[in-house]
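Residues per chain are reported as follows:
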Amino acid sequence: MPNLINFDEQNKVFHLHNDKISYIFSVVEGGLLNHLYYGKRINEYHGEMNYPRIDRGFSGNLPGSLDRTFSPDTLMQEYSTSGICDYRTPAVIVRQENGSRASRLEYQGYRIEAGKPKLKGLPATYVESDDEAETLYVTLKDQVSDVEVTLLYTIYHDRAVIARSAQVKNNGDAAVYLDKVASMQIDLPNQPLDVVSFPGAHANERDMERAHLNRGVRKYESRRGTTSHQMNNFVALCSPNTDEMNGEVYGFDLVYSGNFAIEVERDQIQQTRVTCGINDYNFAWKLASNEEFQTPESLIVYSDKGFNGMSQTFHHLIQERVVRGKYRDQERPIVVNNWEATFMNFTEEKLTPIVDEAQKLGIEMFVLDDGWFGHRDDDNSSLGDWYVDQKKFPRGLKHFADYVHDKGLKFGLWFEPEMISIDSDLYREHPDYMMAVPGRKPSPSRNQYLLDLTRKDVRDNIIGQVEKILRENDVDYVKWDMNRHLSDIYSVKLPADQEGEVYHRYVLGLYEMVDQITSDFPEILFEGCSGGGGRFDTGWAYYMPQSWTSDNTDAVARQRIQYATSYVYPTSTMTAHVSVSPNQQTGRQTSFETRGNCAMSGVFGYELDLTQMSDDEKAMVTKQVAEYKEIRHLVQFGDFYRLKSPYTSNECAWMFVSPDKKDVLVKQFQTMADAQALSTITKLVGLDPQKHYQNVETKEIFGGDELMNAGFFDPLYHHDYASSSYHFKAID
Ligand code: GLA
């Protein structure tokens with residue numbers, strides 16, 4: 001068992017450490033947990049760093065104590081409650097039988113175990129063997145309500161991350177209600193900080209923002225029932241001088257796909273509290289006597305090597321210890337998807353020429369998108385009726401799937417399993433399956449409604465239908481879509497005092513459903529999607545190794561979206577397709593080359609009608625497909641670095657390096673052309689300075705140190721939306 005966690009009995013200090021990081025906290029007055037340090041590894045902690053005691057006006061003291069120098073209101077803590085003179089954001093609010101919301105969590109004890117436990121019903125990081133990590137369990141208790149909270153901290157032996165979650169158990173006789181229950185909380189000492197967040201909109205996901213942190217509370221959240229396009233469930237705090245390669249960063253990620261809140265509070269003495277977990281908006285979880293509640297997991301990554309350092313820790317963690325199954329380590333096929341080619345207006349006859357063309361061009365999978373089921377010719381019907389539209393496939397879907405397979409391609413299929421249309425057999429038979437508040441008309445969105453996935457009978461119906469299609473049609477890939485957010489929150493099967501559980505129960509039901517389907521079909525590659533990248537979160541990556549990054553396929557807009565998405569998520573999770581120009585979302589015209597360079601920076605494919613292309617374009621597809629097959633492993637599994645930001649310059653550049661540093665790919669983009677073009681330089685990072693690298697195309701040779709320190713001049717482009725690709729191989 002690796003020695004990653006120590007407890008200093010004398011000073012009551014916990015020290016979690018590996019070669020990269022130290023995380024230190026202690027037990028202090030009143031059994032509170034005092035956060036002391038999270039950052040670069042400290043070899044030995046001597047226990048001398050005591051939180052300063054001072055009498056501060058209007059910051060009260062521990063219940064029953066007359067020590068005016070000790071206040072929960074300023075103490076740097078690990079997990080705070082409400083009702084004991086800490087006026088900052090609480091981690092947990094326990095509503096008790098008498099209506100009180102006060103609680104005081106006092107330290108009871110700890111245990112350390114090798115490895116990492118599974119979190120029941122929830123996605124989480126995992127270990128493959130117990131010597132990869134250690135987990136610390138710290139137990140706290142509120143004496144009055146007899147509610148026990150256990151904080152879980154996992155540290156891996158080789159990753160700069162702490163994974164935290166909380167378990168709450170009601171040991172009392174009366175039921176309590178959790179009005180809020182965070183996964184983690186941390187108080188960082190006074191220091192200037194910027195906050196980086198990822199707000200956005202449909203077709204404009206993860207539109208990164210950076211702001212200086214002043215006093216007050218900032219809340220980054222979703223109230224939409226899912227993680228959403230509008231705000232990603234990730235926030236980074238960094239020093240004001242932190243850039244891509246230098247400076248300190250803390251990254252906070254919640255492994256969850258529902259309503260979340262990341263609250264960042266800068267307090268009266270400029271300490272910064274971060275609280276991260278399920279959003280307390282319309283949330284109240286009833287915990288009967290002896291019942292337990294497990295929060296989702298939260299990941300806190302530390303980097304002293306700027307944002308790239310943080311991102312690489314997340315990339316390796318998500319790729320290696322969040323994503324599961326056959327496709328975790330396997331190269332993903334190049335797809336052609338018929339959505340932007342035909343929308344729902346297709347028949348088998350219309351699709352087969354696209355399949356023929358795909359085969360000729362070297363594409364590896366055909367994905368049949370929305371419109372193959374029920375009588376769905378537009379988006380007003382048939383969700384919930386997962387059986388084949390005989391009009392479009394008179395010889396059955398299997399006939400078409402066989403055709404695709406006979407051409408040597410894999411066959412993929414689109415589903416939107418969480419939804420119901422009013423015009424569907426499912427609704428006609430089971431109107432109560434639809435989520436709606438009694439006596440109120442539910443709100444349509446894209447003329448569709450949510451299924452009540454808190455109910456097992458509803459889930460079983462959908463699982464049965466989806467699995468039948470998968471079994472009968474030899475499906476190799478599933479695109480799991482979600483095209484609206486939750487509203488009309490109510491479940492007819494829950495009592496009134498548990499309606500505050502619906503949002504979270506929906507997510508738990510959804511997880512149970514995808515867990516079953518993905519385990520029953522381990523050979524199928526699953527891709528997440530929610531109107532593009534509306535559910536791009538680490539929780540979803542546990543079930544689906546890749547997600548559609550955005551409905552916006554414009555290569556210029558995509559540079560920003562993919563650049564920001566890469567802050568947390570590895571390239572292997574990001575799908576990116578070449579579509580037609582002018583682009584259907586923005587109307588912008590870009591070259592085939594630039595569309596290819598952008599899409600080839602992710603899990604690659606096409607989203608257009610291959611039969612409508614000119615011979616020149618087809619030749620370009622053949623070239624891109626061949627190139628992607630060469631670089632695919634490097635792009636999907638190599639180390640990724642952002643070099644130039646499209647948020648702050650007229651350029652964008654990123655690169656991929658193989659673990660042995662012998663294979664290097666650079667993609668460089670310039671947005672607008674100038675009459676007097678500036679001569680710009682791209683400098684690489686992460687190479688071996690001793691090695692020599694040869695440009696595969698031009699045969700030019702550079703030293704690794706040369707490419708990193710001097711770099712090379714970018715082309716002087718004479719057109720907008722330009723791009724270049726450089727592939728280097730070590731020749732020593
Ligand atoms: C969403 C997806 C698209 C497509 C449509 C089908 O918008 O993001 O890729 O599948 O749904 O309705």
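Per chain, the residues get numbers from 1 upward, laid out in the order the sequence is written. With pLDDT at 70 or above as the cut-off, local features in this predicted model cover only qualifying residues; side-chain atom pairs require 80 or more to be listed or tallied, and sums for whole chains, interfaces and linings still use all residues. Note: side-chain values were computed over all heavy atoms of the structure, leaving out hydrogens and water.

Participant: Looking at this structure, how should I read the environment of Ile561?
Facilitator: Here Ile561 lies in helix 9 (residues 555-565). Under the scheme applied here, a residue whose accessible area is under 20% of the maximum for its type counts as buried, over 50% as exposed, and between as partly exposed, the area being computed with a 1.4 Å probe on protein chains only. On the basis of relative accessibility, which here comes to 1%, the residue Ile561 falls in the buried class. Taking the C-alpha atoms as reference, Ile561 lies 6.0 Å from Arg206; in sequence the two are 355 residues apart. Secondary structure elements follow DSSP: runs of H or I no shorter than four residues count as helices, runs of E no shorter than two count as strands, and numbering proceeds from the N terminus.

Participant: Is there a simple way to think about the site of the ligand in this case?
Facilitator: What makes a residue near a molecule or strand is one non-hydrogen atom of that residue sitting within 4 Å of it. With respect to spatial proximity, 13 residues lie near the ligand, and among them Asp369, Asp370, Lys479, Gly532 and Asp551 are the closest. Within 3.5 Å is the distance limit for a polar contact, defined as a pair of N or O atoms, with the added protein rule that one can donate a hydrogen and the other accept it, and that residues adjacent in sequence qualify only through two side-chain atoms. Asp369 places a polar side-chain atom, nitrogen or oxygen, 2.6 Å from an oxygen atom of the ligand. Between the ligand and Asn483 there is a distance of 3.1 Å, counted from an oxygen atom to a side-chain nitrogen or oxygen. Surface accessibility follows the Shrake-Rupley procedure with a 1.4 Å probe radius. Residue values consider only the protein chains on display as shielding. Contact with the protein chains removes 96% of the 310 Å² of surface that the ligand exposes when unbound. Only Asp, Glu, Lys and Arg are considered charged in this grouping, and only Ala, Val, Leu, Ile, Met, Phe, Trp, Tyr, Cys and Pro are considered nonpolar; every other residue, Gly among them, is considered polar. For the shell around the ligand, the class distribution of residues is four nonpolar, three polar and six charged.

Participant: Is there a simple way to explain the pairing of strand 9 (residues 161-170) in this structure?
Facilitator: Along any regular strand the residues' side chains alternate between the sheet's two faces. Within strand 9, eight of the ten residues are buried, which leaves it mostly tucked inside the rest of the structure. Bridge count for strand 8 (residues 147-156) against strand 9 is nine bridges, and the pairing is antiparallel. Within strand 9, the position partnered with Thr150 by the bridge is Gln167. As paired strands, strand 9 and strand 20 (residues 297-303) are joined by four bridges and run antiparallel to one another. Each bridged residue has a counterpart across the sheet, and for Arg164 the counterpart in strand 20 is Ser298. Criterion used throughout: strands pair if DSSP finds at least two bridges between them. For strand 9 and strand 19 (residues 292-294), the ladder comprises three bridges, and the chain directions are antiparallel.

Participant: Sorry if this is basic, but what is going on with helix 4 (residues 397-406) here?
Facilitator: One turn of an α-helix holds 3.6 residues; hence residues three or four places apart share an orientation. Taken together, the buried positions of helix 4 are occupied by Leu397, Phe400, Ala401 and Val404. Projection of helix 4 onto a plane perpendicular to its axis shows the buried side chains occupying an angular sector of 100 degrees, all on one side. Packed against the buried residues of helix 4 are helix 3 (348-361), strand 22 (365-368) and strand 23 (410-415). As used here, the arc belongs to the directions running from the helix axis to the C-beta atoms. It only takes one pair of heavy atoms within 4.5 Å for two residues to be counted as in contact.

Participant: Where do I start with the sheet that holds strand 36 (residues 701-703) in this structure?
Facilitator: Backbone-to-backbone hydrogen bonds join strands into a sheet, with any given pair of strands oriented parallel or antiparallel. A sheet is described by the order of its strands in space; here six strands give the open sequence 31-32-33-38-35-36, paired in antiparallel fashion. On the outer flanks of this sheet lie strand 31 (639-644) and strand 36, each paired with one strand and no other. Ignoring strand direction, the axes of neighbouring strands in this sheet form an average angle of 25 degrees. Sheet analysis places strand 35 (residues 692-695) next to strand 36, joined by three bridges and oriented antiparallel. Across the sheet, the residue bridging to Tyr693 is Phe702, located in strand 36. Axis angles are defined between N-to-C directions and span 0 to 180 degrees, where every axis is a line fitted to C-alpha atoms and, for a helix, only to the segment in contact.

Participant: What should I look at first to understand unusual backbone geometry in this one?
Facilitator: Glycine aside, residues mostly have negative phi, and peptide bonds are mostly found in the trans state. At the junction of Ser581 and Pro582, the peptide bond is cis and its omega measures out at -5 degrees in the coordinates. Relative to the elements of secondary structure, Pro582 occurs in the loop between strand 29 (574-578) and helix 10 (592-599). Phi angles above zero are rare outside glycine, and Asp488 is one such case at about 55 degrees. Its location among the elements puts Asp488 in the loop between strand 26 (477-480) and helix 7 (502-520). On the basis of relative accessibility, which here comes to 15%, the residue Asp488 falls in the buried class.

Participant: Just checking my understanding: could you explain the packing of helix 6 (residues 456-472) against helix 7 for this structure?
Facilitator: Two quantities define a packed helix pair, namely the angle between the helix axes and the distance between the axes. In contact at an axis separation of 11 Å, helix 6 and helix 7 are set at 25 degrees when each is read in the N-to-C sense. Relative to helix 7, helix 6 is oriented roughly parallel. The chirality of how helix 6 crosses helix 7 is right-handed. Residue-level inspection shows Arg459, Ile462, Ile463, Val466, Glu467 and Leu470 of helix 6 in contact with helix 7, the latter providing Gly509, Glu512, Met513, Gln516, Ile517 and Asp520. Residue composition of the contact of helix 6 with helix 7, by class: six nonpolar, two polar and four charged. For classification purposes, angles smaller than 35 degrees are called roughly parallel, those larger than 145 roughly antiparallel, those between 65 and 115 roughly perpendicular, and all remaining angles oblique. For any helix crossing, the convention is left-handed if the near helix is rotated counterclockwise from the far helix by under a right angle, and right-handed if that rotation is clockwise.

Participant: Would you explain the side chain of Thr135 in this entry?
Facilitator: In this fold, Thr135 is placed in strand 7 (residues 133-142). Within the structure, Thr135 has its side chain in polar contact with the backbone oxygen of Gly115 (distance 2.7 Å). A polar atom in the side chain of Thr135 sits 2.9 Å from the side chain of Thr154.

Participant: Could you clarify how one ought to interpret the nonpolar core in this entry?
Facilitator: Soluble globular proteins: nonpolar side chains tend toward being buried together. Ranked by size, the top nonpolar core spans 185 residues in total, and within it Leu16, Tyr79, Phe366, Leu368, Trp372, Phe400 and Tyr606 carry the most contacts. Ranked by residue count, the leading element in this core is helix 7, at nine residues. Nonpolar cores are built from buried Ala, Val, Leu, Ile, Met, Phe, Trp, Tyr and Cys residues. Side-chain atoms within 4.5 Å join them into one set. Core analysis: the second largest hydrophobic core is formed by 17 residues, Leu684, Val685, Phe712 and Ala730 among them.

Participant: Help me out: how do you make sense of helix 10 in this one?
Facilitator: The element helix 10 is largely enclosed, with a buried count of seven among its eight residues. Within helix 10, the full set of buried residues consists of Phe592, Thr594, Arg595, Gly596, Asn597, Cys598 and Ala599. Tucked into the core, helix 10 has its buried residues touching helix 9, strand 29, strand 30 (603-606), helix 11 (615-637), strand 33 (663-670) and strand 38 (722-730).

Participant: I would appreciate a short explanation of the environment of Ile278 in the present structure.
Facilitator: Looking at where Ile278 falls in the secondary structure, it is placed in strand 17 (residues 272-278). Every residue in contact with Ile278, bar those within four places of it in the chain, is listed here: Val181, Leu254, Tyr256, Asn259, Phe260, Ala261, Phe283, Phe293, Pro296 and His504.

Participant: Whenever I open this one, the packing of aromatic side chains confuses me. Can you help?
Facilitator: Aromatic ring pairs are reported here in terms of the distance separating the ring centres and the angle at which the planes meet. By convention, a stacked pair of Phe, Tyr or Trp rings (six-membered ring in the case of Trp) has centres within 6.5 Å and planes under 30 degrees apart, an edge-to-face pair has planes over 60 apart, and any other such pair is tilted. Considering all chains together, one arrives at 48 aromatic pairs under this definition. Ring geometry for Trp480 versus Trp540: centroids 6.3 Å apart, planes at 70 degrees, classification edge-to-face. Pair noted here: Trp480 is in strand 26 and Trp540 is in helix 8 (residues 538-541), with a separation of 60 residues, a long-range link. By the burial criterion, Trp480 is buried, and Trp540 matches it. Between Phe604 and Tyr606 the ring centres are 5.1 Å apart and the planes differ by 65 degrees, which places this aromatic pair in the edge-to-face class. Taken as a pair, Phe604 and Tyr606 share a single burial class, namely buried. Over a ring means this: the NZ of a Lys or the CZ of an Arg is within 6 Å of the ring centre and within 35 degrees of the ring normal. Taking the ring centre of Phe346 as reference, the NZ or CZ of Lys392 above it sits at 4.8 Å.

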